[in-house]
Protein chains: 2
Amino acid sequence: MTDDDRVFKALADPSRRFLLDLLFARDGRTLTELERELEMTRFGVAKHLRVLEEAGLVVVRRSGREKLHYLNPVPIRQIHDRWIDKFTEQHVTALIDLKRTLEEES
Amino acid sequence: MTDDDRVFKALADPSRRFLLDLLFARDGRTLTELERELEMTRFGVAKHLRVLEEAGLVVVRRSGREKLHYLNPVPIRQIHDRWIDKFTEQHVTALIDLKRTLEEES
DNA sequence: AAGTTATGTGACCGTTTGGTCACCTGTCAA
DNA sequence: TTGACAGGTGACCAAACGGTCACATAACTT
């Protein structure tokens, strides 16, 4: 299993993406804290966090018996850079901004 | 199955990511042309392309009996924007550039 | 010390997924 | 019109994945 394989496999599950959303909104949460937000047993959440951690999408810091989880944006940016070059980036961001503007008007 | 679910599921397979790499290098290829680059039957490749197409990562244009495939960068950019805000983006790109520089020196 | 809180492990099971095959449709060229 | 070429469909099977459970370890509290 290669590094990037771990990253994409980790992102393939909606529960794990939701965990990233939670950490994007607020970093440094514990397993128990995150568990409350999902309709799933603690074991399930722990398993998902482990997958995210092994993919490098989440980094952890121990503090006593607690394990604090942080979002690591680097792998996400690398996905971006793999298929979007500097030149294309300008067009795409402009396109997305335009789309957003049009949707707000309607 | 939501839109973004389709995108992430599509990206979860290494063969499909390789197809995106091929189209990133050169757009507008046919199934037969792409098939030559993979060690897989035509049916397998067709199935993967279909998944990429349904996810909106690849768009197609018919030309007679040929089907030309193009890479669509928009969903990739949206993944980026989901977990990297404007502020963080600067730090992350700087970090990745630095990492690349250090690796080139060694 | 004893109870509570936070997290970790390995097994288990139903579902999904990757890849192949036999067979079929549509298009171009001689 | 006959054959070659480009692509599509539905069924099938082995392997991987999501989620749960019983059980276990470690740290804080009183």
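- The name an unreviewed UniProt entry gives chain A is ArsR family transcriptional regulator, with Actinoplanes utahensis as the organism.

### Focus: the protein's contact with DNA strand D
Thought 1: In the vicinity of DNA strand D lie 20 residues, with A:Arg16, A:Lys47, A:His48, B:Thr32 and B:Lys67 positioned nearest.
Thought 2: Looking at DNA strand D alone, sugar and phosphate atoms form 55% of those within 4 Å of the protein.
Thought 3: Here a base nitrogen of DNA strand D and a side-chain polar atom of A:Arg65 are 3.2 Å apart.
Thought 4: Contributions of two or more residues to the surface near DNA strand D are made by α2 (14-25) and α4 (42-54) of chain A together with α3 (31-35) and α4 (42-54) of chain B.
Thought 5: Looking at which element gives the most residues to the surface near DNA strand D, the answer is α4(A), with four residues.
Thought 6: Partitioning the surface near DNA strand D into residue classes produces four nonpolar, seven polar and nine charged.

### Let's talk about the pairing of strand β1 (residues 58-63) of chain B
Residues and elements named next belong to chain B.
Thought 1: As defined by bridge partners, β1 adjoins strand β2 (residues 66-71) across six bridges and the pair is classed as antiparallel. Within β2, the residue paired with valine 58 across the bridge is leucine 71.
Thought 2: Linking two consecutive strands that pair antiparallel, namely β1 and β2, is a turn of two residues; a positive phi of about 65° is found at glycine 64 within it.

### Here's the deal with the packing of helix α5 (residues 74-83) of chain A against helix α6 (residues 86-105) of chain B
Thought 1: One can describe the packing of α5(A) onto α6(B) by two numbers: an axis separation of 10 Å at closest approach and a directional angle of 75°. Judged by the angle between their axes, α5(A) and α6(B) are roughly perpendicular. Counting all contacts with α5(A), which are made through A:Val74, A:Arg77, A:Gln78 and A:Asp81, the residues of α6(B) involved are B:Glu89, B:Val92, B:Thr93, B:Leu95 and B:Ile96.
Thought 2: Its residues assigned to classes, the contact of α5(A) with α6(B) comprises four nonpolar, two polar and three charged.

### Some details on the packing of aromatic side chains
Residue and element names in this part refer to chain A.
Thought 1: With the rule as written, the count across this model stands at two aromatic pairs over all chains.
Thought 2: Between phenylalanine 8 and tryptophan 83 the ring centres are 6.0 Å apart and the planes differ by 50°, which places this aromatic pair in the tilted class. In this pair, phenylalanine 8 is assigned in helix α1 (residues 3-11) and tryptophan 83 in helix α5, connecting sequence segments 75 residues apart. Neither phenylalanine 8 nor tryptophan 83 differs from the other in exposure class; each is buried.
Thought 3: A cation sits over an aromatic face here: arginine 42 above phenylalanine 43, 4.6 Å from the ring centre.

Thresholds, definitions, all that
Residues numbered from 1 in each chain as written. Chains lettered and ligands numbered in written order. Predicted model: local features only at pLDDT ≥ 70, side-chain atom pairs only at ≥ 80, totals over all residues. Heavy atoms only, no water. Near = heavy atom within 4 Å. Polar contact = N/O pair within 3.5 Å; in protein donor to acceptor, adjacent residues only side chain to side chain. Helix = DSSP H or I, 4+ residues; strand = E, 2+ residues; numbered from the N terminus. Nonpolar A, V, L, I, M, F, W, Y, C, P; charged D, E, K, R; others polar. Pairing = 2+ DSSP bridges. Axes fitted to C-alpha atoms, helices over the stretch in contact; angles between N-to-C directions. Parallel < 35°, antiparallel > 145°, perpendicular 65-115°, else oblique. Contact = heavy atoms within 4.5 Å. Phe/Tyr/Trp six-rings, centres within 6.5 Å; stacked < 30°, edge-to-face > 60°. Buried < 20%, exposed > 50% of the residue type's maximum accessible area, 1.4 Å probe, protein only. Lys NZ or Arg CZ within 6 Å of the ring centre and 35° of its normal.

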